[in-house]
Amino acid sequence: MEGNETLTGRRLDKTRLEIQNLRGRLQDVFSEFDQRLKTLTSDIDELRAENAQLEREKLNLQGTIERVREQLAQRFGRGWELFQRYQKVGAHARQILGATVFVRDDNFTSFICGGAQSRSLETLWDVTHECVMSGRREDAEILWDIFAYCVELVNSTKGQDIYTISEVNEGDRFDSDVQTEGPRSRAQGRVLEIYILGYRNNHNGKVIRKSVVRVG
């Protein structure tokens, strides 16, 4: 009888020890689970914060893209309009410009690339001036609009505006430094008529082409 009680006691002790060990292991599992849960929660919070930041950057980028699209649409929409108008310019002017500026004047990309070159401005101005002085008013109007647009194109490729079209108003005192007399013009007096505006280089202040005016 005493032996059975001793055996039973040992079994109980063993069972208690196993239960204690299981409780310890279960506690370890709970602790590990709790730590992993905290880590996972922290990772989720970081991912949420990162996602929120990415969403903000996405919105900012979308805004930038939209602004660029609007600028491109405005700039190259105007370019396309001028490209189509250029097709109506007389053969003589187009022949001169086709040699150095608009080499492929039937191609819009070539038209834009050619006009965006600094060296193109002088030729374009000279041909426009010739049209003005010879009375080819329609050609002159189209070419002047193209010239002004090309000045913008050239400036947009630089860090700052290089070229500026001169400002002249009727009634201004004639200034031979930036203006020259056109047809039916006196040598001094006030500006009565503006044939074509000149332009200058902002970096060195050089007047590349003087405004042509009638003085009286």
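In what follows, the accompanying structure is described.

About the cut-offs
- Residues numbered from 1 in each chain as written.
- Predicted model: local features only at pLDDT ≥ 70, side-chain atom pairs only at ≥ 80, totals over all residues.
- Heavy atoms only, no water.
- Helix = DSSP H or I, 4+ residues; strand = E, 2+ residues; numbered from the N terminus.
- Buried < 20%, exposed > 50% of the residue type's maximum accessible area, 1.4 Å probe, protein only.
- Contact = heavy atoms within 4.5 Å.
- Areas by Shrake-Rupley, 256 points an atom, 1.4 Å probe, with all protein chains shown as cover.
- Pairing = 2+ DSSP bridges.
- Axes fitted to C-alpha atoms, helices over the stretch in contact; angles between N-to-C directions.
- Polar contact = N/O pair within 3.5 Å; in protein donor to acceptor, adjacent residues only side chain to side chain.
- Core = buried A, V, L, I, M, F, W, Y, C linked by side-chain atoms within 4.5 Å.
- Phe/Tyr/Trp six-rings, centres within 6.5 Å; stacked < 30°, edge-to-face > 60°.
- Parallel < 35°, antiparallel > 145°, perpendicular 65-115°, else oblique.
- Left-handed = near helix turned anticlockwise from the far one by under 90°.
- Nonpolar A, V, L, I, M, F, W, Y, C, P; charged D, E, K, R; others polar.

## Things to note about the overall build of the protein
Helix and strand content of the protein: five helices and six strands. Counted from the first residue to the last, the protein has its helices and strands arranged as α-α-α-α-α-β-β-β-β-β-β. Here the protein, with 216 residues, has 26% of them falling under the buried criterion. Considering only contacts within the protein whose residues lie at least 6 apart along the sequence, 62% involve residues at least 24 apart. Counting only carbon and sulfur atoms, one obtains 49% of the accessible surface of the protein, whose full area is about 14800 Å².

## Let's talk about the sheet that holds strand E6 (residues 211-215)
Read from one edge to the other, the open sheet built from three strands follows the order E2-E6-E3, with strand pairing classed as mixed. Strands at the two margins of the open sheet, each flanked by one partner only, are strand E2 (179-181) and strand E3 (191-196). On average, each strand axis in the sheet is tilted by 40 degrees relative to the strand beside it, whichever way the strands run. Sheet topology note: the E3/E6 ladder contains four bridges and is antiparallel. Bridging across to E6, Ile194 finds its partner in Val213. Here helix H4 (residues 118-133) sits on the sheet in contact with E3 and E6, set at roughly 125 degrees to E3.

## A few points about the environment of Arg214
When you line up the elements, Arg214 lands in strand E6. Expressed as a C-alpha distance, the spacing of Arg214 and Arg186, which sit 28 residues apart in the sequence, is 7.3 Å. Here Arg214 is in contact with Pro183, Arg184, Ser185, Arg190, Val191, Leu192, Glu193 and Tyr195, once residues within four sequence places are set aside.

## So, helix H3 (residues 108-115)
Those residues of H3 that fall on the buried side of the exposure criterion are Ser110, Phe111, Ile112, Gly114 and Gly115. Its side-chain oxygen placed 3.1 Å from the backbone nitrogen of Thr109, Asn107 serves as the N-cap of H3.

## A few points about unusual backbone geometry
Phi at Arg184 takes a positive value of approximately 55 degrees, unusual for a residue other than glycine. By secondary structure assignment, the location of Arg184 is in the loop between E2 and E3.

## Here we look at the nonpolar core
Ranked by size, the top nonpolar core spans 33 residues in total, and within it Leu143 and Ile146 carry the most contacts. Elements supplying a minimum of two residues to this core: helix H1 (2-86), helix H2 (91-100), H3, H4, helix H5 (137-156) and E3. Filtering out sequence-adjacent residues up to four positions away, Ile146 remains in contact with Leu82, Tyr86, Phe102, Phe111 and Leu124. Val168, Phe174, Val191 and Val213 belong to the second largest nonpolar core, which has five residues in total.

## Examining the packing of aromatic side chains
For the structure on display, the rule yields 10 aromatic pairs. Summarising the aromatic geometry, the rings of Phe102 and Phe111 are spaced 4.5 Å apart at their centres and angled 25 degrees between planes, so their arrangement reads as stacked. Here Phe102 falls in the buried class, since its relative accessible area comes to 0%. Since its relative accessible area comes to 2%, Phe111 is described here as buried.

## What about the sheet that holds strand E4 (residues 199-201)?
Strand pairing in a sheet is mediated by backbone hydrogen bonds. Such pairs are either parallel or antiparallel. Reading across the sheet, the three strands line up as E1-E4-E5 and stay open at both edges, with antiparallel pairing between neighbours. Strands at the two margins of the open sheet, each flanked by one partner only, are strand E1 (163-165) and strand E5 (207-209). On average, each strand axis in the sheet is tilted by 30 degrees relative to the strand beside it, whichever way the strands run. Packing of H4 onto the sheet brings it into contact with E1, E4 and E5, and relative to E5 it is tilted by some 50 degrees.

## Things to note about the packing of H4 against H5
The contact between H4 and H5 brings their axes to 9 Å, and the two run at 160 degrees. Judged by the angle between their axes, H4 and H5 are roughly antiparallel. By crossing handedness, the relation of H4 to H5 is classed as left-handed. For the pair formed by H4 and H5, the contact residues are Ser118, Leu121, Leu124, Trp125, Val127, Thr128, Cys131 and Val132 on the first element and Asp139, Ala140, Leu143, Trp144, Ile146, Phe147, Cys150, Val151 and Val154 on the second. When grouped by side-chain class, the residues that make up the contact of H4 with H5 number 14 nonpolar, two polar and one charged.

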